[in-house]
Amino acid sequence: MIRKILKWTLIVVLIIIAGVTLTTIFRQHLKYDAPYPNIKASTDTAIIARGKHLVVGPAHCIDCHSPLPNKDSLLNHGQEVLPVGGFAFDLPFGKFYTRNLTPDKETGIGNMTDGEIARVLRYGVKKNGEAVLPFMPFQDLSDEDLTAIISYLRSVKPVKNKVPDHNYNLVGNLIKAFMIKPVGPSTKPPIAVRADTTVAYGKHMVMAVANCNECHTKRDGIGNFVGAPLAGGTVFEEKGHPTLISPNLTPDPTGRITNWSQESFIKRFRLGKLIPYSHMPWEAFGRMTDTELIAIYKYLKTVKPAKTEIPKKDS
Ligand code: HEC
Ligand code: HEC
């Protein structure tokens with residue numbers, strides 16, 4: 001009797017394992033549908049310059065899409081650093097490589113249309129229909145931002161750089177099969193947001209372009225926002241480095257910048273990274289204009305004051 005039960009339990013377990021394995025394999029290349037934004041690259045030099053500013057500054061694409069360890073010092077000395085891709089993220093679920101964003105036809109974005117590039121950023125769906133990995137929360141960029149960024153990418157020298165394919169481990173395969181889905185804009189994306197020192201532009205920078213919100217608002221294990229907006233508390237742990245917690249940016253008495261003047265806020269950004277292993281792209285943000293930083297400062301002053309919930313340590 002016992003042997004019979006054991007035998008059937010084993011068979012059921014094997015069937016479940018086979019089922020999950022097959023479903024996981026089957027779901028590795030799920031296809032999604034999303035519209036192509038009506039974005040056309042321009043050759044206007046002012047638009048290209050704006051795009052370059054976004055790519056190496058507030059939108060910090062270059063931070064991930066260039067593998068050069070000295071990219072910031074090159075950029076800060078007026079040298080060109082191209083987004084040739086190949087920067088690797090070595091994560092617990094696999095190794096992932098950023099793509100070549102120069103116009104090379106074989107290895108870059110030369111064989112993607114403007115609409116295909118815009119769709120990845122706004123709707124999270126790649127040219128081949130698969131969901132893009134959630135590294136790029138740029139879904140709320142305006143049409144004008146997307147136009148500028150794509151115009152700049154089209155204008156740079158094509159560089160042949162074949163980036164390795166991603167390497168998923170078992171956990172990665174499971175995550176890809178069951179958790180990665182395309183993410184779209186939170187509201188109808190704006191056509192344009194005027195670049196001035198207003199709270200409206202500051203909000204656009206914080207929530208859509210520079211993504212301060214992504215790190216300074218607490219999220220749960222699968223990425224949903226759970227903390228008070230911009231109240232900090234996100235834990236950054238990396239092997240070999242002390243833990244960092246993103247500070248509270250709201251105007252609460254316990255907020256990090258509550259007593260900072262606008263001048264000291266701007267000065268802090270011009271200083272760049274002070275903690276070498278900080279995840280915040282300080283150098284790219286240091287290339288923001290005074291106008292952008294003033295707008296961000298003003299917007300942060302309007303956010304609802306909240307206390308940081310410092311995560312409790314287990315044990
Ligand atoms: C935090 C790191 C990071 C930042 C910042 C970043 N990217 Fe990416 N990007 C990635 C990774 C990783 C991939 C590979 C994703 C995948 O294959 O699913 C990628 C892929 C892409 C792709 C190719 C998608 C495809 O169809 O295969 C494009 C286009 C792109 N990024 C554009 C941009 C632009 C433009 C910016 C700035 C507005 C940007 N990225 C900022 C990490 C980043
Ligand atoms: C990729 C994650 C990430 C992003 C994006 C990010 N931050 Fe941070 N930020 C951190 C972390 C981690 C720290 C703590 C370590 C440090 O000070 O560098 C921090 C620290 C700060 C500090 C305190 C610095 C000090 O010296 O006391 C300020 C101010 C700040 N961030 C503002 C911003 C603003 C404004 C934005 C958007 C323009 C932003 N952050 C985007 C992760 C991030």
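Refer to the preceding data block for the structure.
Just so you know, these numbers come straight off a predicted model, no measurement behind them.

Each value, and the rule that gives it
Residues numbered from 1 in each chain as written. Chains lettered and ligands numbered in written order. Predicted model: local features only at pLDDT ≥ 70, side-chain atom pairs only at ≥ 80, totals over all residues. Heavy atoms only, no water. Salt bridge = Lys/Arg side-chain N within 4 Å of Asp/Glu carboxyl O. Helix = DSSP H or I, 4+ residues; strand = E, 2+ residues; numbered from the N terminus. Buried < 20%, exposed > 50% of the residue type's maximum accessible area, 1.4 Å probe, protein only. Near = heavy atom within 4 Å. Polar contact = N/O pair within 3.5 Å; in protein donor to acceptor, adjacent residues only side chain to side chain. Nonpolar A, V, L, I, M, F, W, Y, C, P; charged D, E, K, R; others polar. Core = buried A, V, L, I, M, F, W, Y, C linked by side-chain atoms within 4.5 Å. Domains from an automatic or database assignment.

Here we take up the pattern of salt bridges. Under the definition given, this model contains 14 salt bridges. Lys160 is the salt-bridge partner of Asp104, the closest N and O atoms lying 3.7 Å from each other. Of this pair, Asp104 sits in the loop between β2 (94–97) and α5 (114–123) while Lys160 is found in the loop between α6 (143–155) and β3 (167–168), placing the two residues 56 residues apart along the sequence. Given the relative accessible area of 10%, Asp104 is considered buried. Between Lys160 and Glu106 there is a salt bridge, with the nearest N and O atoms lying 3.2 Å from each other. Remark: Glu106 occurs in the loop between β2 and α5 and Lys160 occurs in the loop between α6 and β3; sequence separation between them is 54 residues. One exposure class covers both Lys160 and Glu106, and it is exposed. Taken together, the shared-partner salt bridges in this structure form one network comprising Lys31, Glu130 and Lys176.

Attention now moves to the site of ligand 2. For ligand 2, the set of nearby residues contains 20 residues, the closest of which are Cys212, Cys215, His216, Arg256 and Met280. In the environment of ligand 2, a nitrogen atom lies 2.8 Å from a nitrogen or oxygen atom belonging to the side chain of His216. Within the side chain of Ser278, a nitrogen or oxygen atom sits 2.7 Å from an oxygen atom of ligand 2. Sorting the residues of the shell around ligand 2 by element identifies α9 (212–216), α10 (262–271) and α11 (282–286) as the ones contributing at least two each. In terms of residue count, α9 provides more of the shell around ligand 2 than any other element does, three residues in total. Per-class residue counts for the shell around ligand 2 are 14 nonpolar, four polar and two charged.

Let us look at the site of ligand 1. Inspection of the region around ligand 1 gives 21 residues, with Cys61, Cys64, His65, Met136 and His166 positioned closest. The separation between a nitrogen atom of ligand 1 and a polar side-chain atom of His65 is 2.8 Å. Taking His166, its side chain carries an N or O atom lying 2.7 Å from an oxygen atom of ligand 1. Taken together, the elements giving at least two residues each to the shell around ligand 1 come down to α3 (61–65) and α5. In terms of residue count, α3 provides more of the shell around ligand 1 than any other element does, three residues in total. Residues belonging to the shell around ligand 1 are distributed by class as follows: 15 nonpolar, four polar and two charged.

With that out of the way, let us pick up the nonpolar core. Core analysis: the largest hydrophobic core is formed by 55 residues, its most contacted members being Phe265, Phe269 and Leu300. Among the secondary structure elements, those contributing two or more residues to this core are α2 (45–56), α3, α5, α6, α8 (199–209), α10, α11 and α12 (290–302). When residues of this core are assigned to their parent elements, the largest contribution, seven residues, is made by α12. Formed jointly, this core draws a minimum of three residues from each of two domains, domain 2 (45–178) and domain 3 (199–302).

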